[in-house]
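# Results of the structural survey
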Amino acid sequence: MSTPTLSRPRDDRMIGGVCAAIARRFGWSTTVVRVVTVASIFIPGPQVLAYLIAWAVIPNERQTA
């Protein structure tokens, strides 16, 4: 069985698709990853910067015909 690649999906995005990409890659619930991401904003640190970098670095999912 192949492991899904890390790519931002075209159909399951809220803002940039970073949380959906991470959830799909590791087989986690997209909702849980989103809740943890939003909750982490209240903890001091560079979470928003990390999200923006991930948004720029993680490629879009390839379009299927």
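None of these values were measured; they are calculated from a predicted model.

### Here's the deal with the packing of helix α1 (residues 18–26) against helix α2 (residues 30–40)
- The contact between α1 and α2 brings their axes to 8 Å, and the two run at 130°. Here α1 lies oblique to α2, going by the angle between them. α2 is crossed by α1, and the crossing has right-handed handedness. Two secondary-structure elements touch here, α1 through Cys-19, Ala-20 and Ala-23 and α2 through Thr-30, Val-33, Arg-34 and Thr-37.
- The residue inventory of the contact of α1 with α2, partitioned by class, reads four nonpolar, two polar and one charged.

Thresholds applied
Residues numbered from 1 in each chain as written. Predicted model: local features only at pLDDT ≥ 70, side-chain atom pairs only at ≥ 80, totals over all residues. Heavy atoms only, no water. Axes fitted to C-alpha atoms, helices over the stretch in contact; angles between N-to-C directions. Helix = DSSP H or I, 4+ residues; strand = E, 2+ residues; numbered from the N terminus. Parallel < 35°, antiparallel > 145°, perpendicular 65-115°, else oblique. Left-handed = near helix turned anticlockwise from the far one by under 90°. Contact = heavy atoms within 4.5 Å. Nonpolar A, V, L, I, M, F, W, Y, C, P; charged D, E, K, R; others polar.

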